[in-house]
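# Reading the structure
Here are the chains, one letter per residue:
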Amino acid sequence: MLAKRTIPLIIAAMIGFLLIATYFIPYTEQWGATAMEMFIILAAAAMVLGAGNLIMLNLAKISNKQPGWAYGGITLLAFFITLVVGIFKIGALPTVTSPDNSWAAPLVSQEGVPFWWIYSFVYKPLTATMFAMLAFYIASAAFRAFRAKNLEAFLLLFTAFIVLLGQIYAGEWLTSFLPDLSSYVASFPEASQAFVQSIGTQIEYGNAFTSLVWEGVSIRDMTMEQQALAAQVSDHLNGWWYQFTNGLKLENLTQMILDVPQKAGNRAIMIGIALGIVSTSLKVLLGIDRSYLGSGD
Amino acid sequence: MTRALVVLLMLLCCTPVVVHAKAVTLAGPSDVVAEDVPDDVGQQVLVKWNLSPEDRVQAGGSRTLNGYAIYRKVVQTSMGLESGAETPAGPGELAFADDFDYEANQPVGTVPYSVSRFLDENVDGGVTYVYAVAATGPGGTYSPLSVADMPVTARMQYINQGKLWFLIIMLIISVVIVFFVFYAKHGGAIKVRPIAGLEAVSEAVGRATEMGKPVLFVPGILDINDIQTVAGITVLANVARTAAQYDAKLKVPTARSLVMTTARETVQAAYLGEGRPDAYNEDNIYYLTDEQFGYTAGVQGVMVREKPAACFYMGAFYAESLILAETANSIGAIQIAGTAMPSQLPFFVAACDYTLIGEEFFAASAYLSNDPEQLGSLKGQDVGKIIAAFLLVLGCLLATLAAVLPDAKPLHIADLYITNNVLGEDGLVPDPEKISMLEQLMERDQDAQPAIDEGDN
């Protein structure tokens, strides 16, 4: 009981509180780094356990001719080939820094050596294949998720449709007839267009009227005509009609959905997660939740 | 003869000056400032300067400067500092000789052109240094040294001032959680709303038992040092108890060796607790691989071959979440997922029958165990949510009022304080520089407004 539960609990609590302290007390930062190094060493040592388990289970599977035993054979074959090629650095070439000692050579980065070959022509294509399958799974999941069974599902479908459209050129093209800054600039005489474009860009960027600048001259130092024109541009671009119609452009609508409801919902989830992490960590550190330690028997 | 001697003497006298002058041909940087980096162990000094006027691209696209070399000297004691400051050269020349030898003195660091700061990460705490910067050019040319006006002493801070507000909020929430844990332990009533995903755990395990198929539990792909994996393992303890009660076969493929050993201990304890040690088979909790997609392929293989009736995904997931959930969906398994990875939640929601979103996942252990101490922690989390909501409302209110009332200085300062101190890393005390900048901006706006109004008229 003492060895299996109490001592691990004390170690977990000590290291846990130490890692919290490293976040707030600069002096303990190095202790935290040491604790993490200890964990890495422990995890590396545990790899032996994992590898042993992998070999034993697959050998048993082959021996008992369990369903899919051939996959077990392939797994073991791949495991041992990679292990031997990696440990003995088969085919590794001498490097500039160690011309007489190919054992010091990096493995993966040496093009043409067996380990690089396994990495480039076996591991990478297999990983890429698995990742590529995700595209098909997304399509099938979206097909199910976007069936408009009820009002909520319809709203989800509609929102997703807008966001998808808003991220491609077709979406931009579909609502290109709605007013934007460039169409507004084009309505001015050519002599004023550069000024209106600059002022309009600053206003759309969210700059206050008092901080507008044209060619290094602030609004208060501009000529009366320029100030009047800037005020006209500001009134138009901040007016409800322009804001409403420009906001309906699919790319703007998409951005609004991502910036407002999506971000708000995401942040609410993040706050919940942060509180959950604090609570779970406290339960583990104070020993309230000991289920991860086993029975102690 | 005398004339020759005089000429020789003159040449001898001029030689060092000529060598020095040959090297020092560039315009130097200005306003060198060295500052102790705050909130560290006292081993860093930040040196900043204004770029040399020659630090620009010339007509042909070439540059006069290669970069800047940073030098430092130790000011031995406070006495030495005072005597150094009193040299005829003035305080600016403290600790650096007039005929400074650029070649003989090794710089503490160099930076390329256009860079106007250098972080010296190799200083000794408590030692006073004076810094100087010289521009460097092709052919070993230098600018005169620009010496920092003030020496600097790197000091260790006992607590990170920038994180004090975070510490305070965390302590308040922690104290509240501990309070409610003790409250529940001493018989206080705790009401927890039903969570559909957790209510379905026994239903899912029961279904697997009835169908004679295994239950598959996937504890994520991160190691045991990740809190999500720990939370997943605590849920596993409860799922294993239910599996032991129903005599269902529980399979747990893991992506980390340490997770495998932890999961074995946990499941064994659950079976022992339910009086079914004979039903426990450690071979059902096994290691596949650390590689993300290798692990995914392995779990997919288990799904397709053994066709589990119930699949649980509890832990940290990345791109494999949807691959796993869609594969299990194709074999008709009932699926319950729980994760705190916001990017993977939509995939689980779309593909699984039940999803524990964020905090529900962390609450699962308490909910399933029905242990009063653990349930008390959920109440503490609720108080944390109230604090977060209060700060949100206050922040929104202040930001809105500050926008509507541009002249209300206290509102702007309060808004600035919440943004930079409470939520940022400025510590407890407001940064005077930021307040001064805010005041200047407000004054500028106030000055500009009448002029603009006149322009309108």
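Residues numbered from 1 in each chain as written. Chains lettered and ligands numbered in written order. Predicted model: local features only at pLDDT ≥ 70, side-chain atom pairs only at ≥ 80, totals over all residues.

### A short note on the overall build of chain A
From N to C terminus, chain A includes eleven helices and two strands. In chain A, the succession of α and β elements from N to C terminus is α-α-α-α-α-α-α-α-β-β-α-α-α. The C-alpha atoms of chain A give a radius of gyration of 32 Å, which is well past the 19 Å a tight globule of 297 residues would have. Counting only C-alpha atoms and orienting by the principal axes, one finds that chain A spans roughly 85 × 60 × 50 Å. Every one of the 297 residues in chain A was classed for burial, and the buried ones make up 16%. Intrachain contacts of chain A at a sequence separation of at least 6 include 45% that bridge at least 24 residues. (Helix = DSSP H or I, 4+ residues; strand = E, 2+ residues; numbered from the N terminus. Rg over C-alpha atoms; globule rule 2.2 N^0.38 Å. Buried ≥ 20, exposed ≤ 12 C-beta atoms within 10 Å, placed from the backbone. Contact = placed C-beta atoms within 7 Å.)

### Re the overall build of chain B
The secondary structure content of chain B amounts to 13 helices and 15 strands. Residues counted as buried form 40% of the 457 residues belonging to chain B. Partitioning the intrachain contacts of chain B with sequence separation of at least 6 by distance along the chain shows that 71% fall at a separation of at least 24.

### Here's the deal with the packing of helix α2 (residues 29-63) of chain A against helix α3 (residues 69-87) of chain A
Residues and elements named next belong to chain A. The geometry of α2 relative to α3 is characterised by a closest axis approach of 8 Å and an angle of 140 degrees between their N-to-C directions. Classed by the angle they form, the pair α2 and α3 counts as oblique. The two elements α2 and α3 meet at a crossing, and its hand is left-handed. Contact residues: α2 offers L54, I55, N58, K61 and I62, while α3 offers W69, G72, G73, T75, L76 and F79. Across the contact of α2 with α3, the residue classes break down as six nonpolar, four polar and one charged. (Axes fitted to C-alpha atoms, helices over the stretch in contact; angles between N-to-C directions. Parallel < 35°, antiparallel > 145°, perpendicular 65-115°, else oblique. Left-handed = near helix turned anticlockwise from the far one by under 90°. Nonpolar A, V, L, I, M, F, W, Y, C, P; charged D, E, K, R; others polar.)

### Here's the deal with helix α12 (residues 409-422) of chain B
Between its terminal C-alpha atoms α12(B) stretches 19 Å, which fits the 20 Å expected from 14 residues at 1.5 Å a residue. Turning to α12(B), its buried residues are H412(B), D415(B), L416(B) and Y417(B). (Expected span 1.5 Å × (residues − 1).)

### Some thoughts on the confidence of the model for chain A
Regions with low pLDDT carry predicted coordinates that are not meant to be interpreted in detail. Residues with a pLDDT of 70 or more make up 94% of chain A, whose mean pLDDT is 88. Confidence, expressed as mean pLDDT per element, reaches its minimum in chain A at strand β2 (residues 217-218) of chain A with 86 and its maximum at helix α10 (residues 240-247) of chain A with 93. (pLDDT = per-residue confidence, 0-100.)

### Topic: the domain arrangement of chain B
The domain architecture assigned to chain B consists of domain 1 (24-52 + 64-153) and domain 2 (190-370). A C-alpha centroid distance of 59 Å is found between domain 1 of chain B and domain 2 of chain B. (Domains from an automatic or database assignment.)

### Remarks on the interface of chain B and chain A
Taken residue by residue, the interface counts 74 residues in chain B and 61 residues in chain A. If you tally residues by element for the side of chain B that touches chain A, the top one is helix α6 (residues 257-273) of chain B, at eleven residues. Along the lines of polarity and charge, the residues of the side of chain B that touches chain A split into 39 nonpolar, 22 polar and 13 charged.

### Here we look at the domain arrangement of chain A
According to the domain assignment, chain A consists of domain 1 (2-137), domain 2 (149-165 + 254-297) and domain 3 (181-247). For domain 2 of chain A versus domain 3 of chain A, the separation of C-alpha centres amounts to 41 Å.

### With respect to helix α3 (residues 164-185) of chain B
The end-to-end C-alpha distance of α3(B) is 31 Å, a good match for the 32 Å that 22 residues give at a rise of 1.5 Å each. Among all positions in α3(B), only I173(B), I177(B), F180(B), V181(B) and A184(B) are buried. For α3(B), the buried positions fall inside an angular range of 110 degrees around the axis, keeping them on one side. Projecting away from the buried face of α3(B) at angles above 90 degrees are the exposed residues I168(B), L171(B), V175(B) and F182(B). Here the buried face of α3(B) lies against α11 (250-285) of chain A together with α11 (372-404) of chain B. Looking one or two residues beyond α3(B), the residue adopting positive phi is G187(B), at roughly 95 degrees. (Arc of directions from axis to C-beta.)

### Points about the pairing of strand β11 (residues 250-254) of chain B
Residue and element names in this part refer to chain B. Counting buried residues along β11, five of its five residues qualify, which places the element largely inside the surrounding structure. Going residue by residue along β11, you find L250, V252 and T254 tucked away on one face and K251 and P253 tucked away on the opposite face as well. Here strand β10 (residues 215-218) pairs with β11 via two bridges, running parallel. Of the residues in β11, the one forming a bridge with V215 is L250. Crossover handedness for the path β10 to helix α5 (residues 227-246) to β11: right-handed. Looking at chain direction, β11 and strand β12 (residues 285-287) are connected through three bridges and run parallel. Opposite V252, over in β12, you have I285 as the bridge partner. You can see the chain leave β11, run along α6 and come back into β12, and the turn it takes is right-handed. (Pairing = 2+ DSSP bridges. Right-handed = clockwise from strand over helix to strand, strands pointing away.)

### Side note on the environment of L57(A)
Inspection of the secondary structure assignment puts L57(A) in helix α2. The partly exposed category is assigned to L57(A), around which 17 C-beta atoms lie within 10 Å. As for L57(A) and S140(A), which are separated by 83 residues in sequence, their C-alpha atoms are 34 Å apart. If we skip the residues at most four places from it in the chain, L57(A) touches D283(B) and Y286(B).

### Remarks on the environment of P29(B)
Residues and elements named next belong to chain B. Along the polypeptide, P29 turns up in the loop between α1 (2-23) and β1 (30-36). Separated by 396 residues in sequence, P29 and E425 have C-alpha atoms that sit 30 Å apart. Ignoring any residue separated from it by four or fewer positions in sequence, one finds P29 in contact with W49, N50, L51, S52, Y68, V133, A135 and S146.

### Some thoughts on the sheet that holds strand β2 (residues 45-50) of chain B
Residue and element names in this part refer to chain B. Across the sheet, which stays open at both edges, the three strands sit in the order β1-β2-β5 with antiparallel pairing between neighbours. The open sheet is flanked by β1 and β5 (117-120), the only strands paired with a single partner. For this sheet, the mean angle separating the axes of adjacent strands, direction not counted, is 15 degrees. As paired elements, β2 and β5 share four bridges and run antiparallel to each other. The residue bridging K48 from the neighbouring strand is R117, located in β5.

### Focus: the sheet that holds β10(B)
Residue and element names in this part refer to chain B. Strand order across the open sheet formed by six strands is β12-β11-β10-β13-β14-β15, with parallel pairing between neighbours. In the strand order of this sheet, the two ends are held by β12 and β15 (354-357), each with one partner. Each strand of the sheet is rotated relative to its neighbour by a mean of 15 degrees, with strand direction disregarded. Here strand β14 (residues 334-339) pairs with β15 via four bridges, running parallel.

### Quick look at the nonpolar core
Residue and element names in this part refer to chain B. Residues L236, A240, V267, A310 and F312 are the most contacted members of the largest nonpolar core, which totals 94 residues. Examining the composition of this core, we find that eleven residues originate from one element, α5, more than from any other. Counting 28 residues, the second-largest nonpolar core is a separate cluster that includes Y68, F118, L145 and V152. (Core = buried A, V, L, I, M, F, W, Y, C linked by C-beta atoms within 7 Å.)

### Focus on the pairing of strand β13 (residues 310-314) of chain B
All names here are of chain B. Across the five residues of β13, five count as buried, placing the element largely inside the fold. Summarising the sheet, β10 and β13 pair through four bridges and their orientation is parallel. For F217, the partnering residue across the bridge sits in β13 and is F312. Across five bridges, β13 lies against β14 in parallel orientation. Bridge pairing in β14 places M314 opposite G338. Each parallel crossover has a hand, and the one from β13 via helix α8 (residues 320-330) to β14 is right-handed.

### So, unusual backbone geometry
Phi is positive for K65(A), which is not a glycine, with a value near 50 degrees. With respect to the helices and strands, K65(A) occurs in the loop between α2 and α3. Even without a glycine there, the phi angle at N370(B) is positive, about 60 degrees. Note on placement: N370(B) falls in the loop between α10 (359-369) and α11.

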